[in-house]
Amino acid sequence: MKPSLAVRAARILLYLVILAIFVGPFWGIIVTALSGLVIKPGQLLLLPVQPTLANFKTALIDMQVWRYLLNSLVVAIVGTALQVAVSALAAYALARRRFRGAAIVSLLVLSTMMLPEEVISIPLYLVVQARFPVIDASIYNTYAAMILPVVGWAFSIFMLTEFMRAVPKELEEAARIDGANEWQIFANVVLPLVRPALGTVVIFGFIMIWDQYLLPLVVVSDKQLFTIPVMLGMLRVDETITPNVFVAATLLAMAPTIICYLLLQKQFNRGIMAGAVKG
Amino acid sequence: MGAVSLKGVSKSFGAVDVIRNVSVEIAEGEFCVLIGPSGSGKSTLLRIIAGLENVTDGEVRIGGRDVTELAAKERDIAMVFQSYALYPQMTVRENMSFALRLKHRPKDEIRRKTDEVAQMLGLEALLDRLPKELSGGQRQRVAMGRAIVRDPSVFLFDEPLSNLDAKLRTQVRGEIRDLHRRIGTTSVYVTHDQVEAMTMGQKIVVLRDGRVEQVGTPLDLYDRPDSVFVAGFIGSPAINMLPAMVGPEAKTLHTANSEIVLPLPEGYRLESGRNVLIGIRPEHLETVAAGASGSIVCAVDAVESTGSDTTVICDSPAGKMLVSSKQRSQARAGDRFALRPDSEKLLIFDKASESRIVRM
């Protein structure tokens, strides 16, 4: 039976409300960033007024957002690469090798997901600023301080573990008979078969590292090393810049994650789907 | 090329003994079939030869070399898996050349060998395809190709035909046999299908509960099974087994309810009153006139015809019996007729030990 006109109208209205809730703020940011008219707190523009790209220029060059974007890119790219490498190797061991204490290792990895960032931030600070013996240096105030703590991430380890478990044992045995060693089985047989999952893990990992706020705030005090989320936090309370410049900086901060998603979207969706239907 | 020798091989998974003291000699160039029901340990034994399972006890030798402690890749063997285990992300050519690439062989040698084997198996047109773009039979051939390219001293096959349909199975069976004839590499082939075992094996090893039940040529096993188990496992339709007792003066055999009395063939020294099992192959029964001496009166239960062979399932006083013949049968369910076994071909087993009583 076809729904009545009233029902259809109500349904469309509901869609519009939902759309407004989700897209509204995003649209507001875009419009404000492109507007020359300085908005007042609480004001929301629906269309750009005095359209201009000057806000982006001010943010990028005058506010040196480019530097913080660069810092964020270095941390996110190196961090994601290391995170995926560590996760894939850990997942291979957990999924394909039987060893004493495997269950305990899984549990320890899992337990890292149960601690909120705020709880570990102080111990993490203590570890990061601790000086290494002999060389008498610490990684505090370096890129390494922001990268190393995010290299091991339980989510990506578990995601890849599940996918690697699904690779038939016979493939590994066939490769073993063909003369492959452990590394060759990992690199030539198992890893190519979990590519969709790798795509998903790269996207999630990149976004997770890009969005880190507390960690860089705790382990870095040199402003030159600040990442974009930390910088945005500071810009927000800076009364010398207009809200328009601030939202332009916010948009710039969002761009890399959106690009990352678009580049790996196909693999991401395949990864999500495969995870959903796997028994 | 290499002979395979298993000496006193045992394998336990925890408290479960899967292989118990198995000793088998497979000569160089021989095609040996390991057969047995599910759980008999045949696949485990193959995996032990492959080096995919360690032995708990015993020794494995390939080509005279003790390989018991060696890893799979050091044993110079190739294996065709039941699931084919083709690398899904690699093309047929990459699948076939994987082992050679791992060995860092020169590129032109890899190409030449892969092309040769592809031609031998009729895979030339498929070399650039992925496994998912192949039919079951083609995948099977690629799996064999991958094994052949390596030129190993032993081929191991783990139920390679069980995922194929009946027609293709017969065809590939022939192809494997031809291939063995051409290449002459020692082959160990695991199956639970006795037709495959009988048609392919030069030597058959029957396994039961992790033990070797009997080793022999296909016809050896068929004509002279050592035990009730082998007699029942080899042959299709299955052998008829009638519980009986040796009659007075040891000249007759009486079935349990004495309704069937068969003459005891010459050459058996059996004491009167001994409990035995009479094994009669379905093709060793002929129809005779009712009331003929040494005949068994039966009622037809069902008739199964494949066109070339007919099997009549009938009810006898000693239970269900199968009769097979090359002739078409007009019998219908309920028809009564008399059967007489070829007494020269009766197999007699001791009831207690279930082993065959040898005729003098």
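Residues numbered from 1 in each chain as written. Chains lettered and ligands numbered in written order. Predicted model: local features only at pLDDT ≥ 70, side-chain atom pairs only at ≥ 80, totals over all residues. Heavy atoms only, no water.

1. Describing the domain arrangement of chain B
Residues and elements named next belong to chain B. The criterion, for reference: Boundaries of every domain are those given by an automatic assignment or by a domain database. By definition, residues are in contact when any of their heavy atoms lie within 4.5 Å. Two parts placed together each lose some accessible area under a 1.4 Å probe, and the buried area is that loss summed for both.
You can read the domains of chain B as domain 1 (4–233) and domain 2 (240–350). Here the C-alpha centre of domain 2 lies 39 Å away from the C-alpha centre of domain 1. Across the boundary between the two partners, domain 1 contributes 7 residues, which contact 6 residues of domain 2. Roughly 580 Å² is buried in total at the junction of domain 1 and domain 2, and carbon and sulfur atoms are behind 61% of that figure. When residues of domain 1 are sorted by the area they lose upon contact with domain 2, Tyr-222, Val-228 and Ala-231 head the list and together hold 78% of the total.

2. Re the pattern of salt bridges
Two side chains with opposite charge may pair up if their charged atoms get near one another. To keep things clear, this is the line we draw: Should a side-chain nitrogen of Lys or Arg be within 4 Å of a carboxyl oxygen of Asp or Glu, the pair is scored as a salt bridge. Any residue under 20% of the maximum accessible area for its type is buried, any over 50% is exposed, and the rest in between are partly exposed; the area is computed with a 1.4 Å probe on protein chains only. Strands here are runs of E lasting at least two residues and helices are runs of H or I lasting at least four, both read from the DSSP assignment and numbered beginning at the N terminus.
This model, assessed by the stated rule, comprises 28 salt bridges over all chains. The shortest N-O distance in the salt bridge between Glu-182 of chain A and Arg-176 of chain A comes to 3.7 Å. Classification of Glu-182 of chain A as partly exposed rests on a relative accessible area of 33%. We classify Arg-176 of chain A as partly exposed; its relative accessible area is 23%. When the shortest N-O distance is used, the salt bridge between Glu-53 of chain B and Lys-11 of chain B registers 3.9 Å. With Glu-53 of chain B in the loop between α1 (42–50) and β4 (57–62) and Lys-11 of chain B in strand β1 (residues 4–13), this residue pair connects regions lying 42 residues apart in the sequence. Residue Glu-53 of chain B shares its accessibility class with Lys-11 of chain B, and that shared class is buried. The structure contains a network of salt bridges with shared partners spanning Arg-96, Arg-97, Glu-172, Arg-176 and Glu-182 of chain A.

3. Concerning the interface of chain A and chain B
For clarity, the cut-off: N or O atoms closer than or at 3.5 Å make up a polar contact, with two conditions inside protein: a donor-capable atom paired with an acceptor-capable one, and, for residues adjacent in sequence, both atoms drawn from side chains. Residues are grouped as follows: Ala, Val, Leu, Ile, Met, Phe, Trp, Tyr, Cys and Pro are nonpolar; Asp, Glu, Lys and Arg are charged; every other residue, Gly included, is polar.
With 17 residues of chain A at the contact, the number on the chain B side is 21 residues. Carbon and sulfur atoms make up 64% of the surface buried where chain A meets chain B, a total of about 1,600 Å² over both sides. Joining chain A to chain B, the criterion identifies 2 salt bridges. Residue Arg-150 of chain B is joined to Asp-178 of chain A by a salt bridge in which the shortest nitrogen-to-oxygen separation is 3.6 Å. Counting across the interface, chain A meets chain B through 6 residue pairs in polar contact (both at pLDDT 80 or more). Those elements giving two or more residues to the side of chain A that touches chain B turn out to be α8 (169–177) and α9 (182–193) of chain A. A per-element tally of the side of chain A that touches chain B places α8 of chain A first, with 8 residues. Within the side of chain A that touches chain B, the residues separate by chemical class into 8 nonpolar, 4 polar and 5 charged.

4. Describing the layout of surface pockets
In plain terms, the rule: Think of a 1 Å grid over the protein atoms and nothing else: a 1.4 Å probe that fits but is trapped marks a cavity, an open set flanked by protein within 12 Å on at least five of seven lines marks a pocket, and residues with an atom within 4 Å of a point count as lining. Grid points are joined across faces, edges and corners, and a volume is the space filled by probe spheres set on the points.
Of the pockets and cavities examined, the largest pocket occupies roughly 770 Å³. As for the largest pocket, its lining consists of 28 residues, of which Arg-97, Lys-169, Glu-172 and Arg-176 of chain A together with Leu-52 of chain B are closest to the centre. Mapped by element, the contributors of at least two residues to the lining of the largest pocket are α3 (65–96), α7 (154–165) and α8 of chain A together with β1 of chain B. When residues in the lining of the largest pocket are grouped by element, the largest group, 4 residues, is from α8 of chain A. Here the lining of the largest pocket is built from residues that sort into 9 nonpolar, 4 polar and 15 charged. Roughly 540 Å³ of volume is contained in the second largest pocket. Considering the residues around the second largest pocket, the lining is formed by 19 residues, among which Thr-112, Leu-115, Glu-117, Ile-120 and Pro-149 of chain A are closest to the centre. Every element with two or more residues in the lining of the second largest pocket is listed here: α4 (102–114), α5 (117–129), α6 (143–151) and α11 (214–219) of chain A.

5. Points about the UniProt feature "domain: ABC transporter" (unreviewed entry) in chain B
Selection criterion: UniProt positions are given in the numbering used here, feature names are shortened, and annotations may be inferred rather than shown by experiment.
Here the UniProt feature "domain: ABC transporter" (unreviewed entry) sits at residues 4–234 of chain B. In this annotation, residues 4–234 of chain B is assigned 37% helix and 26% strand; the end-to-end C-alpha distance for the span is 24 Å.

6. Side note on the nonpolar core
In plain terms, the rule: Remark: nonpolar core denotes a set of buried residues (Ala, Val, Leu, Ile, Met, Phe, Trp, Tyr, Cys) joined through side-chain atoms within 4.5 Å.
Core analysis: the biggest nonpolar cluster contains 58 residues, and Met-164 of chain A together with Leu-156 of chain B have the highest contact counts within it. Those residues within four positions of Leu-156 of chain B in sequence are excluded, and the remaining contacts are Leu-46, Ile-49, Ala-50, Ile-77, Ala-78, Met-79, Val-80 and Val-188 of chain B. Formed by 42 residues, the second largest nonpolar core is a distinct cluster that contains Tyr-84, Val-142, Ala-143 and Leu-164 of chain B.

7. Notes on α1 of chain B
Burial runs high along α1 of chain B: 8 of the 9 residues are buried. Phi turns positive one or two residues past the end of α1 of chain B, at Gly-51 of chain B, with a value near 90°.

8. Thoughts on the domain arrangement of chain A
Residues and elements named next belong to chain A. For chain A, the assigned domains read domain 1 (1–52) and domain 2 (53–277). The distance between the C-alpha centroids of domain 1 and domain 2 comes to 33 Å. With 11 residues of domain 1 at the contact, the number on the domain 2 side is 11 residues. When the two sides are added together, the surface that domain 1 and domain 2 hide from each other amounts to roughly 940 Å², 72% of it contributed by carbon and sulfur. Three residues, Ile-29, Ala-33 and Thr-52, lead the burial of domain 1 against domain 2; their summed loss comes to 47% of the area buried on that side. On the surface where domain 1 and domain 2 come into contact, there are 0 salt bridges. Counting the contacts that link domain 1 with domain 2 gives 7 residue pairs in polar contact (both at pLDDT 80 or more). Class assignment for the residues of the side of domain 1 that touches domain 2 results in 8 nonpolar, 3 polar and no charged.

9. Focus: unusual backbone geometry
Residues and elements named next belong to chain B. Look at the link from Ser-236 to Pro-237: it is a cis peptide, with omega at 0°. Phi at Glu-249 takes a positive value of approximately 65°, unusual for a residue other than glycine. Considering the arrangement of structural elements, one finds Glu-249 in the loop between β11 (240–246) and β12 (252–255). With relative accessibility at 67%, the residue Glu-249 sits in the exposed group. With a phi close to 55°, Ala-250 is a non-glycine residue in the positive phi region.

10. Quick notes on the confidence of the model for chain B
Selection rule: Values of pLDDT, the confidence the predictor places in each residue, fall between 0 and 100.
For chain B, mean pLDDT is 92; residues scoring 70 or higher make up 99% of the total. Model confidence for the complex is summarised by a pTM of 0.83, with the ipTM given as 0.85.

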